[in-house]
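Fold and contact review
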Amino acid sequence: HPHFPIVATPLLPTLYSPVAMVENTGLTQRSGAFTAVDPLDLEVAEGEILARLGHNGAGKTTTVRMLTGLLEPTAGTARIAGYDVATAGTQVPAG
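Reading the values: the criteria
Residues numbered from 1 in each chain as written. Predicted model: local features only at pLDDT ≥ 70, side-chain atom pairs only at ≥ 80, totals over all residues. Heavy atoms only, no water. Helix = DSSP H or I, 4+ residues; strand = E, 2+ residues; numbered from the N terminus. Polar contact = N/O pair within 3.5 Å; in protein donor to acceptor, adjacent residues only side chain to side chain. Core = buried A, V, L, I, M, F, W, Y, C linked by side-chain atoms within 4.5 Å. Buried < 20%, exposed > 50% of the residue type's maximum accessible area, 1.4 Å probe, protein only. Contact = heavy atoms within 4.5 Å.

1. Concerning the side chain of Asn24
Take Asn24: it is sitting in strand E1 (residues 20–31). A distance of 2.9 Å separates the side chain of Asn24 from the backbone oxygen of Leu40, its partner in a polar contact.

Here it is in structure tokens:
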């Protein structure tokens, strides 16, 4: 039987470079001695889907609140579609 090579073909053209839609570096939330979110580095490219799983009190909602600008992080930066959440405020596009 002849052997044919298995070739993986990318789903996107090779010239396409996905843009980071969500990126944060060292995103942290502390309240006194309690750390709700340890320094978190995260990058989600355009077209990717992210699911955060964890037990109650793991910092999932706190992270979303920081990414949406509802809660100011105690450290780190967060960018949505290239906009700095801390400085752009309502200028961050909704969709």
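2. Considerations on the nonpolar core
Across soluble globular proteins, you tend to see nonpolar side chains buried next to one another. Formed by Val22, Leu27, Ala36, Val37, Leu40, Leu42, Val44, Met66, Leu67, Ala78, Ile80 and Val85, the largest nonpolar core amounts to twelve residues. Those elements that provide at least two residues to this core are E1, strand E2 (34–45), helix H1 (60–67) and strand E3 (75–80). Considering each element in turn, this core owes the most residues, five residues, to E2. When residues no more than four places from it in sequence are discounted, the contact partners of Ala78 are Glu23, Asn24, Leu27, Leu67, Tyr83, Asp84 and Val85.

3. Focus on the environment of Val37
Position of Val37 relative to the elements: it lies in strand E2. Take Val37: its relative accessible area is 5%, and that puts it in the buried class. For the pair Val37 and Thr62, spaced 25 residues apart in sequence, the C-alpha separation works out to 7.3 Å. In contact with Val37, not counting residues within four places along its chain, are Leu27, Thr28, Gln29, Gly59, Thr62, Thr63 and Met66.

Worth remembering: the numbers are spatial, not functional.
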